[in-house]
Amino acid sequence: MSEEFNYGFDALKGIPSNMAPWGLKLEQPYPSNFGEYVLIDVTPSDIEQHHQVEVIDENGEPIRGVWVIFGFPGGGPDLGLTPSETHWRGAPAVLRGNAQRTNYAGYAQHTFKDGGEDIWIWDLDEDNVLKLPSAIVKDCTWVTTPTGRFEHTGVKLRFQRRMEGVKPRTQRLDELEARISALEAQLQPV
């Protein structure tokens, strides 16, 4: 991305060390000219036997209606979400597993099975075009107590969309406040 913005969250470059018992791997996508979905948080799940995903926009607001793929690398049903055009170089070629659309709170969850799922965002636009690549969290399994919260503790992931050219609201407000302060300073009697 050409311009640096303050999105309020840092994009993770790897899995935090406190999540080592889960054996997760983070795969970063090839960049797209349109932006990307980055992973900003990884924690133990709040619900037993579930993986949870939250998706937010550049302003930190929930995104409704985005596909979250809970992929089964070794099999599972074909999801049938083939884009008519893709700008995600190296995108998963075969979509198998479980796809859930985020609700009004930008949230999706899935009851996991044995083995590790791969979880990512699959954001098809209204023209069925896949413009934004996503970080992929691989081998999402569960751990038992005492490491996990429950007998079968999954993962909770948080992704943030970062579209090219979309400046976060907090940064725009900070810039406006700076401009107002500069104008007020010019109007001050000398």
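Predicted model, so just to flag it, every value in this text is computed and none were measured.

Engineer: Got a minute to help me understand the overall build of the protein in this structure?
Structural biologist: Looking only at helices and strands, the protein has one helix and 11 strands in total. When the elements of the protein are put in sequence order from the N terminus, they spell out β-β-β-β-β-β-β-β-β-β-β-α. Each principal axis of the C-alpha atoms in the protein carries an extent, and together these give about 75 × 45 × 30 Å. Considering the protein as a whole, with its 190 residues, one finds that 40% of them fall into the buried category. Positive and negative charge centroids in the protein, built from 18 and 28 side chains respectively, lie 1 Å apart.

Engineer: Please clarify how the sheet that holds strand 3 (residues 50-56) should be interpreted in this entry.
Structural biologist: Each strand in a sheet pairs with its neighbour through backbone hydrogen bonds, running either in the same direction (parallel) or in the opposite one (antiparallel). The strand order 2-11-3-7 describes an open sheet built from four strands, whose pairing is mixed. Each edge of the open sheet is held by one strand with a lone partner, namely strand 2 (35-48) and strand 7 (107-111). Across the sheet, the axes of successive neighbouring strands diverge by a mean angle of 20°, strand direction being ignored. When strand 3 meets strand 7, the two strands line up antiparallel, connected through five bridges. For glutamate 54, the partnering residue across the bridge sits in strand 7 and is tyrosine 107.

Engineer: Would you explain the nonpolar core in this entry?
Structural biologist: A general feature of soluble globular proteins is that nonpolar side chains tend to end up buried together. Formed by 25 residues in total, the largest nonpolar core has its most connected members in Leu39, Val53 and Leu157. Apart from the residues within four sequence positions on either side, valine 53 is in contact with Val68, Phe70, Gly106, Tyr107, Ala108, Ile119, Ile121, Leu157 and Phe159. Counting residues in hydrophobic clusters, the runner-up holds 12 residues, among them Trp67, Leu81, Leu95 and Leu124.

Engineer: Help me understand the sheet that holds strand 8 (residues 117-122), please; the structure alone is not making it clear to me.
Structural biologist: Read from one edge to the other, the open sheet built from five strands follows the order 1-10-8-4-6, with strand pairing classed as antiparallel. The two strands at the open ends of the sheet, each matched to only one other strand, are strand 1 (25-27) and strand 6 (97-101). Sheet twist, expressed as the average angle between the axes of neighbouring strands with direction ignored, equals 20°. Of the pairings in the sheet, the one linking strand 8 to strand 10 (residues 136-140) comprises two bridges and is antiparallel in character. Across the sheet, the residue bridging to isoleucine 119 is valine 137, located in strand 10.

Engineer: Would you mind showing me how to read the side chain of arginine 162 here?
Structural biologist: Inspection of the secondary structure puts arginine 162 in strand 11 (residues 153-163). Within the buried set, arginine 162 has no salt-bridge partner at all; the shortest N-O distance to an opposite charge, 6.2 Å, is to glutamate 36. Separated by 2.7 Å, the side chain of arginine 162 and the backbone oxygen of phenylalanine 9 make a polar contact.

Engineer: What am I meant to see in unusual backbone geometry here?
Structural biologist: Outside of glycine, negative phi angles account for most residues, and trans bonds account for most peptide bonds. Of note, the bond from threonine 145 into proline 146 is cis; its omega dihedral lies within 30 degrees of zero at 10°. Turning to its location among the elements, proline 146 is positioned in the loop between strand 10 and strand 11. Phi is positive for aspartate 139, which is not a glycine, with a value near 60°. The residue aspartate 139 is located in strand 10 in this model.

Engineer: How should I be thinking about the pattern of salt bridges in this particular structure?
Structural biologist: Working definition: two side chains of opposite charge can pair if their charged atoms are close together. Within the structure shown, the criterion is met by nine salt bridges. A salt bridge links lysine 138 to glutamate 27; the shortest N-O distance between them is 3.6 Å. Note that lysine 138 is positioned in strand 10 and glutamate 27 in strand 1, a separation of 111 residues in sequence. Judged by its relative accessible area of 33%, glutamate 27 falls in the partly exposed class. Connected through salt bridges with shared partners, the residues Asp46, Glu54, Arg149, Lys156 and Arg158 form a single ionic network.

How each quantity is defined
Residues numbered from 1 in each chain as written. Predicted model: local features only at pLDDT ≥ 70, side-chain atom pairs only at ≥ 80, totals over all residues. Heavy atoms only, no water. Helix = DSSP H or I, 4+ residues; strand = E, 2+ residues; numbered from the N terminus. Buried < 20%, exposed > 50% of the residue type's maximum accessible area, 1.4 Å probe, protein only. Lys, Arg positive; Asp, Glu negative; His and termini not counted. Charge placed at Lys NZ, Arg CZ, Asp CG, Glu CD. Pairing = 2+ DSSP bridges. Axes fitted to C-alpha atoms, helices over the stretch in contact; angles between N-to-C directions. Core = buried A, V, L, I, M, F, W, Y, C linked by side-chain atoms within 4.5 Å. Contact = heavy atoms within 4.5 Å. Salt bridge = Lys/Arg side-chain N within 4 Å of Asp/Glu carboxyl O. Polar contact = N/O pair within 3.5 Å; in protein donor to acceptor, adjacent residues only side chain to side chain.

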